[in-house]
Amino acid sequence: MTHKRALVTGAAGGLGREVAIQLARRGCAVAITDINAEGTTETARLVREQGGEAETVIGDFTLEGAPEAAVEKVVARWGGIDILVNNAGYGVIEPFLDATYKAWTRTLALNVTALAMACRAAGRVMREQRSGRIINITSPGSRMALPDYTAYTASKAGVDSITRAAAVALAPYGVLVNSLAPGMMDTEMQRSTEADLARANGRNDLQAFLDERTRRIPLGRRAEISEVAEAVVWLCLDAPKYMTAERLNMSGGLDKD
């Protein structure tokens with residue numbers, strides 16, 4: 001058990017919710033942020049069910065000042081911040097030559113700019129504490145050529161770059177910054193993305209399309225949300241103190257670097 005103060009973004013459901021719950025089980029106080037008010041409130045209830053303290057920050061992280069306000073709320077309630085998990089993400093299927101300005105700007109605003117501002121805000125507090133851990137959720141797609149998903153993959157390449165830069169900037173203060181690249185999971189975002197991808201490729205049998213994609217994974221199955229969350233929590237609490245600027249792949253062998 002630990003008594004750390006954590007902020008998890010995009011935690012109204014899916015991976016973010018599971019990370020928040022697992023951190024609570026380990027004794028962490030957890031602040032949950034998301035634009036989905038109902039889901040955020042439910043995650044807070046589940047955190048309290050595990051015996052953890054919970055705080056909610058409901059709002060759009062792409063708005064100027066929103067990431068900083070979330071960090072300030074954590075510090076005001078608990079006196080500091082020990083863990084930041086940047087999980088919030090957005091992506092749509094659009095062929096590269098038909099990509100829209102709206103989709104590009106929305107994707108980069110949440111996946112890159114908001115994440116960077118959250119890292120900066122939490123990093124400033126952690127610098128004064130001379131301790132803390134930041135975990136950014138990236139994607140195997142950041143190193144793949146995916147012309148139907150270019151804005152998303154470009155944004156995750158940005159996450160990789162921010163992770164390395166923040167890790168070096170914060171290393172003198174004992175703050176660790178790492179990332180995790182999960183493969184295919186059964187989340188609402190994953191299901192929606194793959195349904196759009198099937199349509200974009202003229203595939204009418206969605207289940208057959210999903211099964212085909214699953215067969216490409218060397219382990220032969222998709223990741224369970226709980227096991228990906230376990231890896232995130234390991235980075236938050238148990239990873240060696242000499243580990244920073246690293247990218248942990250968890251894609252069942254799909255990303256082999």
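Predicted model only: the values in this text are computed from it and were never measured.

Student: Residues and numbers for the pairing of strand β5 (residues 132-137), please.
Tutor: Side-chain direction in a regular strand flips from residue to residue, so the side chains alternate between the two faces of the sheet. Here β5 lies mainly inside the structure; 6 of its 6 residues are buried. Here strand β4 (residues 83-86) pairs with β5 via 4 bridges, running parallel. Looking at the pairing, L84 lines up with I134 of β5. With helix α4 (residues 101-129) bridging β4 and its parallel neighbour β5, the resulting β-α-β unit is right-handed. With 6 bridges connecting them, β5 and strand β6 (residues 175-182) associate as parallel partners. Residue pairing in the sheet places I134 in a bridge with V177 of β6. Between β5 and its parallel partner β6, the chain crosses via helix α5 (residues 150-170), and the hand of that crossover is right-handed.

Student: Quick one: what's the story with the environment of T244, residue by residue and with numbers?
Tutor: Note on placement: T244 falls in the loop between α8 (225-237) and β7 (247-250). In this structure, the C-alpha to C-alpha distance between T244 and V168, residues 76 residues apart in sequence, is 8.3 Å. Leaving out residues up to four positions away in the same chain, T244 has contacts with A167, V175, L176, V177 and N178. At a separation of 2.9 Å, a polar atom in the side chain of T244 contacts the main-chain amide nitrogen of V177.

Parameters at a glance
- Residues numbered from 1 in each chain as written.
- Predicted model: local features only at pLDDT ≥ 70, side-chain atom pairs only at ≥ 80, totals over all residues.
- Heavy atoms only, no water.
- Buried < 20%, exposed > 50% of the residue type's maximum accessible area, 1.4 Å probe, protein only.
- Helix = DSSP H or I, 4+ residues; strand = E, 2+ residues; numbered from the N terminus.
- Pairing = 2+ DSSP bridges.
- Right-handed = clockwise from strand over helix to strand, strands pointing away.
- Contact = heavy atoms within 4.5 Å.
- Polar contact = N/O pair within 3.5 Å; in protein donor to acceptor, adjacent residues only side chain to side chain.

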